[in-house]
Amino acid sequence: MNMSVLIVLTILSIWHGVSRALLDQGIPSTPKLPADEAAYLHQILNQESALRMELEKQITSLQSSVYSFQQEFLSMKTENNIIKGNLSNLQQDVSRLRLENNSLLRNLSTTNHSAGTVMFSAYLSTTINNPHVDQTIIFDKTFTNINNVNNTRSGIFTAPVSGYYLFSLTVTSHSFNTHVNLVYNGKGVVSLIADIHHANYYGRGSVTLIHQMNVGDNIWVSSNDDRITNGILGGNPPLTLFTGHLLQDI
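Residues numbered from 1 in each chain as written. Predicted model: local features only at pLDDT ≥ 70, side-chain atom pairs only at ≥ 80, totals over all residues. Heavy atoms only, no water.

- Looking at an unreviewed UniProt entry, one finds the protein named C1q domain-containing protein, with Mytilus coruscus as its source organism.
- Looking at the protein in UniProt, the text filed under Subcellular location (unreviewed entry) is "Secreted". (UniProt positions renumbered as here; feature names shortened; annotations may be inferred.)

Spelled out as structure tokens, the structure:
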């Protein structure tokens, strides 16, 4: 658009110059123009001058508008860069807050399951007669079961936090010998024997150990006796007990 205007102005300028020369000096090979024609030509030249001034004014206005647009664009670009910078800072803040939140959750988990908050003491309320090999002994009643860490339905304790645990097991039998295992993640770690020494007498065995466990690890008691005539005595007051608690988390 600016190029077209410049072309027009150039043509008008040339025509204006030629017309002035013809009017003031005349063409050497021709006579001067009559008065009425000269007046008409002066009128056309004045209109051309006015038109040119108007076009120059419009060009100046357009140049001013273009400059304003350029300044506005630069301002918007600067603001956009500032917004991008603020967005980047916000993203960094969100990432930092997520890390802090995860740390708080870990600390909360450790606080909720620290030493003294993970403990249970369960016992067998009824006698189990002739348990088969690898049968889980379910200690169905509890004296203590902080945060319900011991499952009285499955008989399995699942570690809610990694750490060192102290376990104690006491088994009582009557008339026949009884053998059980303390099982960790499906593998026996210690055996307990509750043998009787005389007929119609009670036999009792106990074991205590400290065992390291990770989150989600399991420990339970299972029978290790394949004889038909054996049994594990239950009752209240308890005769067969299983207890455990967290000594130190890691």
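What follows picks up the thread again.
1. Structural notes on the side chain of Ser121
Consideration 1: Along the polypeptide, Ser121 turns up in strand 1 (residues 119-123).
Consideration 2: Residue Ser121 is classed as buried on the basis of its relative accessible area of 15%.
Consideration 3: Excluding its chain neighbours within four sequence positions, the residues that come into contact with Ser121 are Lys141, Thr142, Phe143, Thr144, Phe242 and Thr243. (Helix = DSSP H or I, 4+ residues; strand = E, 2+ residues; numbered from the N terminus. Buried < 20%, exposed > 50% of the residue type's maximum accessible area, 1.4 Å probe, protein only. Contact = heavy atoms within 4.5 Å.)

2. Observations regarding the sheet that holds strand 8 (residues 202-213)
By definition, the strands of a sheet pair up through backbone hydrogen bonds, in either a parallel or an antiparallel sense.
Consideration 1: With antiparallel pairing, the 5 strands of this open sheet are ordered in space as 3-1-11-5-8. The sheet is open, and its two edges are formed by strand 3 (141-145) and strand 8, each paired on a single side. Adjacent strand axes in the sheet meet at a mean angle of 10 degrees when their direction is disregarded.
Consideration 2: With 5 bridges connecting them, strand 1 and strand 11 (residues 241-249) associate as antiparallel partners. Counted as the bridge partner of Tyr123 is Leu241 from strand 11. (Pairing = 2+ DSSP bridges. Axes fitted to C-alpha atoms, helices over the stretch in contact; angles between N-to-C directions.)

3. Remarks on the nonpolar core
Consideration 1: With 28 residues, the main nonpolar core has Phe157, Tyr165, Phe167 and Leu169 as its most contacted residues.
Consideration 2: Looking at this core, the elements that each hand over two or more residues are strand 1, strand 5 (163-174), strand 6 (178-184), strand 7 (187-194), strand 8, strand 9 (218-223) and strand 11.
Consideration 3: Ranked by residues supplied to this core, first place goes to strand 5 with 4 residues.
Consideration 4: In this view, Phe167 contacts Phe120, Phe157, Val207, Thr208, Leu209, His211, Met213, Ile219, Phe242, Thr243 and Gly244; residues no more than four positions away in its chain are not counted. (Core = buried A, V, L, I, M, F, W, Y, C linked by side-chain atoms within 4.5 Å.)

4. Some thoughts on the pattern of salt bridges
Consideration 1: Under the definition given, this model contains 1 salt bridge.
Consideration 2: One salt bridge connects Arg96 with Asp93, and the closest N-O pair in it is separated by 3.7 Å. Of this pair, Arg96 and Asp93 both sit in helix 2 (residues 35-112), 3 residues apart, roughly one helical turn.
Consideration 3: Its relative accessible area of 33% is what places Asp93 among the partly exposed residues. (Salt bridge = Lys/Arg side-chain N within 4 Å of Asp/Glu carboxyl O.)

5. Digging into the sheet that holds strand 9
Consideration 1: Reading across from one edge, 4-9-6-7 is the order of the 4 strands in this open sheet, with antiparallel pairing throughout. Every other strand in the sheet has two partners, leaving strand 4 (157-158) and strand 7 as the edge strands with one partner each.
Consideration 2: Note that strand 6 and strand 9 share 5 bridges and pair antiparallel. If you follow Leu182 over to strand 9, its bridge partner there is Val221.

6. Brief notes about the pairing of strand 8
Residues in a regular strand point their side chains to alternate faces of the sheet.
Consideration 1: Only one face of strand 8 is covered, namely the face carrying Gly203, Gly205, Val207, Leu209, His211 and Met213; the face carrying Tyr202, Arg204, Ser206, Thr208, Ile210 and Gln212 is uncovered.
Consideration 2: In the sheet, strand 5 pairs with strand 8 via 12 bridges, with the strands oriented antiparallel. Within strand 8, the residue paired with Gly163 across the bridge is Met213.

7. Here we look at the environment of Gly235
Consideration 1: Here Gly235 lies in the loop between strand 10 (231-232) and strand 11.
Consideration 2: Residues Gly235 and Thr127, spaced 108 residues apart in sequence, show a C-alpha to C-alpha distance of 6.9 Å.
Consideration 3: Once you skip the residues sitting within four places of it in the chain, Gly235 turns out to touch Tyr123, Leu124, Ser125 and Thr126.

8. Focus on the packing of aromatic side chains
Consideration 1: Tallied over the full model, the rule gives 8 aromatic pairs.
Consideration 2: A centroid spacing of 5.6 Å and a plane angle of 65 degrees characterise the contact between Phe157 and Tyr165, whose relative ring orientation is edge-to-face. Grouping residues by exposure puts Phe157 and Tyr165 together as buried.
Consideration 3: An aromatic cluster is present here, built from Phe120, Phe139, Phe157, Tyr165, Phe167 and Phe242 joined pairwise through their rings. (Phe/Tyr/Trp six-rings, centres within 6.5 Å; stacked < 30°, edge-to-face > 60°.)

9. Here's the deal with a nonpolar patch on the surface
Consideration 1: On the surface, Tyr164, Ile210, Leu247 and Ile250 cluster together into a nonpolar patch covering about 370 Å² of accessible area.
Consideration 2: Inspection of the secondary structure assignment puts Ile250 in the segment after strand 11. (Patch = residues over 30% accessible without salt bridge, like charges linked within 9 Å, V, L, I, M, F, W, Y side chains within 5 Å. Areas by Shrake-Rupley, 256 points an atom, 1.4 Å probe, with all protein chains shown as cover.)

10. A closer look at the pairing of strand 11
Consideration 1: Across 8 bridges, strand 5 lies against strand 11 in antiparallel orientation. Within strand 11, the residue paired with Tyr165 across the bridge is Leu246.

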